[in-house]
Amino acid sequence: MLKGKVALVTGGSRGIGAAVAEKLASLGAEVAVIYSGNEEKAEAVCERCRTLGVRAAAYRCDVADFEAVKGTVAKVKEEFGTIHILVNNAGITRDGLVLSMKEEDFDGVLDVNLKGAFNMIRHCSGIFLRNRFGRIINISSVSGMIGNPGQVNYSASKAGLIGMTKSVAKELAPRGITCNAVAPGFIRTDMTGELSAADNKLLSAIPLGRMGQAEEVAEAVAFLAASAYITGEVIRVDGGIAM
Ligand code: NDP
């Protein structure tokens, strides 16, 4: 389904990003995996993609760094020839109550989660425009749709991503480029590692009664990567928690 396509996945070394990289690879896409520090895990994801018969390579890059992203996108283009699919998945949390949140924790989360996506879109969109083809998928969160106490910074970044998604979708639609968001609920990864599966309060708030799997988010991303007529949409993958 994605044979001949090149996908760039940020935060592809672990969790949802790793599942996305492998899902896209299983559909035939070549994959550039962007990570911030975890080289071993990024290489392991690439190795698993290669066993699926596609080309894959890992690139260390802080998505919050405008110039670093510029250089990395240029390197991926040089090595893979082009880029067709961009998945902005890299994200962090630095939770705290608004009353006591440190300025650096607000800025840090906005820089990675929101500006990181901008940096990538900014540097990939020229390639998409020249190709008259592009699929941009931003990983938002239900926290950005319904809010979450203790996550003022994170919710703001994820709500910002939804606004960015819709503006980019409108701006690039005339050139056949789509931009959509996926908003996961509670997905079992390192990020939610501290949340206990036995946390009854959490589970009882999820209509489907369980946390989601990274692979279930990856399926929505793959669907959007293959779709030509959906743009500016936000797909929740949340077991119904935000309905
Ligand atoms: P993880 O914490 O498991 O993984 C985070 C990934 O992002 C890692 O690959 C990490 O790289 C990378 N990363 C972090 N900072 C940077 C940076 N500055 N530059 C480049 N890469 C970076 O997260 P999840 O898989 O749980 O989450 C993935 C996305 O999904 C995030 O945007 C998150 O906000 C969102 N999400 C997650 C939910 C969940 O329940 N898990 C719910 C809703 C949304 P490295 O391995 O090198 O550290």
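Residues numbered from 1 in each chain as written. Predicted model: local features only at pLDDT ≥ 70, side-chain atom pairs only at ≥ 80, totals over all residues. Heavy atoms only, no water.

Caption draft 1: Summary view of the overall build of the protein chain. Per the secondary structure count, the protein chain includes eight helices and seven strands. Projected onto its principal axes, the C-alpha coordinates of the protein chain cover approximately 50 × 35 × 35 Å. Taking contacts inside the protein chain between residues at least 6 apart in sequence as the whole, the part at least 24 apart equals 74%. Put simply, the protein chain shows about 11,300 Å² of open surface, and 52% of that area lies on carbon and sulfur atoms. Both charge centroids of the protein chain, one from 27 positive and one from 26 negative side chains, sit 7 Å from each other. (Helix = DSSP H or I, 4+ residues; strand = E, 2+ residues; numbered from the N terminus. Contact = heavy atoms within 4.5 Å. Areas by Shrake-Rupley, 256 points an atom, 1.4 Å probe, with all protein chains shown as cover. Lys, Arg positive; Asp, Glu negative; His and termini not counted. Charge placed at Lys NZ, Arg CZ, Asp CG, Glu CD.)

Caption draft 2: Broad picture of the site of the ligand. The environment of the ligand is formed by 31 residues, the closest being Ser13, Gly37, Asn89, Tyr154 and Thr189. A distance of 2.8 Å is found between an oxygen atom of the ligand and a side-chain nitrogen or oxygen belonging to Arg14. In isolation the ligand has 910 Å² of accessible area, and contact with the protein removes 94% of it. A molecule is said to occupy a pocket when more than half its atoms come within 2 Å of that pocket's grid points, and by this definition the ligand occupies the largest pocket. Residue assignment for the shell around the ligand shows that the elements contributing at least two residues are helix H1 (15-26) and helix H6 (152-172). Split into classes, the residues belonging to the shell around the ligand amount to 13 nonpolar, 14 polar and four charged. (Near = heavy atom within 4 Å. Polar contact = N/O pair within 3.5 Å; in protein donor to acceptor, adjacent residues only side chain to side chain. 1 Å grid on protein atoms, 1.4 Å probe; cavity = no way out; pocket = protein on both sides within 12 Å on 5 of 7 lines; lining within 4 Å. Sits in = over half its atoms within 2 Å of the grid points. Nonpolar A, V, L, I, M, F, W, Y, C, P; charged D, E, K, R; others polar.)

Caption draft 3: The pairing of strand E3 (residues 56-60), seen in detail. Here strand E2 (residues 30-35) pairs with E3 via five bridges, running parallel. In the sheet register, Val33 faces E3, and the bridge partner there is Ala58. Between the parallel pair E2 and E3, the chain is carried across by helix H2 (residues 39-51), and the sense of this crossover is right-handed. (Pairing = 2+ DSSP bridges. Right-handed = clockwise from strand over helix to strand, strands pointing away.)

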